[in-house]
Amino acid sequence: PACSSVVNTLRDAYDHDIVIGFANIASSDVFAADYTYQKIKWLLSFKAYTNTAVLTGTEIREVMETLINTDEEGHNPIRHYNLIPATSGMEYTMKDNGDGTYTLLDLSINGEALDDNQEYNVLLLGEFDFIDADIYCNRKFNEELKSKFKSTEARYFDYFIDGSVKLGQFSAPNDYVTIIK
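Bear in mind the structure is a predicted one, so any value in this text is a computation, not a measurement.

A. Seen up close, the overall build of the protein chain. Of regular secondary structure, the protein chain possesses 6 helices and 9 strands. Residues classed as buried in the protein chain amount to 48% of the 181 residues present. Taking the intrachain contacts of the protein chain between residues at least 6 apart in sequence as the baseline, contacts between residues at least 24 apart amount to 74%.

Here you go:
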């Protein structure tokens, strides 16, 4: 859950209801400490760009299914634990299928089921080139859903470096995922 402190910090600093990223946005352990620019450079894998969209709960469910579930052709987006999505403003439950694949079971906000019809302001940390690439996540996004996202032309790392996010301690971490065996 320590990676959640990074996504929580970004959600706290901006007007987003939900932030979705990969656990590998933090390239090392996150400690309760004051962070300088140099420490942030050491901590964050800084190459991923950010994308924003206003999505319904149904569309958010499709995003999360794309990032978690194996598709009909056997493409597995989670081939290592550091590809499990990290979220802020939303919790989820997924099943470990025991064969290196996972299945999304449930999405909630503060313990309440995600409203499929409500619209949410979403920040996605990561590039579609990474998500779609056979060598990485290996799972294609629905093109219509992908078209709803607009690139911010900024990497999430930039928010910390340009001073948009106040340096110091990250926001508190939280448990954002429950994995059922």
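B. Focus on the packing of aromatic side chains. Applying the stated rule across the entire model yields 1 aromatic pair. Both rings, one in tyrosine 92 and one in tyrosine 176, keep their centres 6.4 Å apart while their planes meet at 40°; by these two values the pair is tilted. With tyrosine 92 in strand E4 (residues 91–96) and tyrosine 176 in the loop between helix H6 (156–161) and strand E9 (177–180), this pair connects stretches of sequence that are 84 residues apart.

C. Summary view of the pattern of salt bridges. Under the criterion given, the structure shown has 4 salt bridges. One salt bridge in this structure joins arginine 61 and aspartate 116, with 3.0 Å as the shortest N-O distance. Of this pair, arginine 61 sits in helix H3 (residues 57–68) while aspartate 116 sits in the loop between strand E6 (112–113) and strand E7 (119–125), placing them 55 residues apart in sequence. By relative accessible area, which is 32% here, aspartate 116 ends up partly exposed. As a salt-bridge pair, lysine 181 and aspartate 96 come within 3.4 Å of each other at their nearest N and O atoms. Of the two residues, lysine 181 is situated in the segment after E9 and aspartate 96 in strand E4; the sequence distance between them amounts to 85 residues. The buried category is assigned to aspartate 96, whose relative accessible area is 12%.

D. Spotlight on the sheet that holds E4. A sheet is described by the order of its strands in space; here 4 strands give the open sequence E6-E5-E4-E9, paired in mixed fashion. Bordering the open sheet on either side are E6 and E9, each of which pairs with just one other strand. Across 4 bridges, E4 lies against E9 in parallel orientation. Pairing of threonine 93 across the sheet is with threonine 178, part of E9. Docked against the sheet, H3 engages E4 and strand E5 (102–109), running at close to 145° with respect to E5.

E. Molecular detail of the environment of aspartate 71. Tracing the sequence through the fold places aspartate 71 in the loop between H3 and strand E3 (85–88). Placed 69 residues apart in sequence, aspartate 71 and lysine 140 show a C-alpha to C-alpha distance of 9.0 Å. A polar atom in the side chain of aspartate 71 sits 2.9 Å from the backbone nitrogen of histidine 75.

Conventions adopted
Residues numbered from 1 in each chain as written. Predicted model: local features only at pLDDT ≥ 70, side-chain atom pairs only at ≥ 80, totals over all residues. Heavy atoms only, no water. Helix = DSSP H or I, 4+ residues; strand = E, 2+ residues; numbered from the N terminus. Buried < 20%, exposed > 50% of the residue type's maximum accessible area, 1.4 Å probe, protein only. Contact = heavy atoms within 4.5 Å. Phe/Tyr/Trp six-rings, centres within 6.5 Å; stacked < 30°, edge-to-face > 60°. Salt bridge = Lys/Arg side-chain N within 4 Å of Asp/Glu carboxyl O. Pairing = 2+ DSSP bridges. Axes fitted to C-alpha atoms, helices over the stretch in contact; angles between N-to-C directions. Polar contact = N/O pair within 3.5 Å; in protein donor to acceptor, adjacent residues only side chain to side chain.

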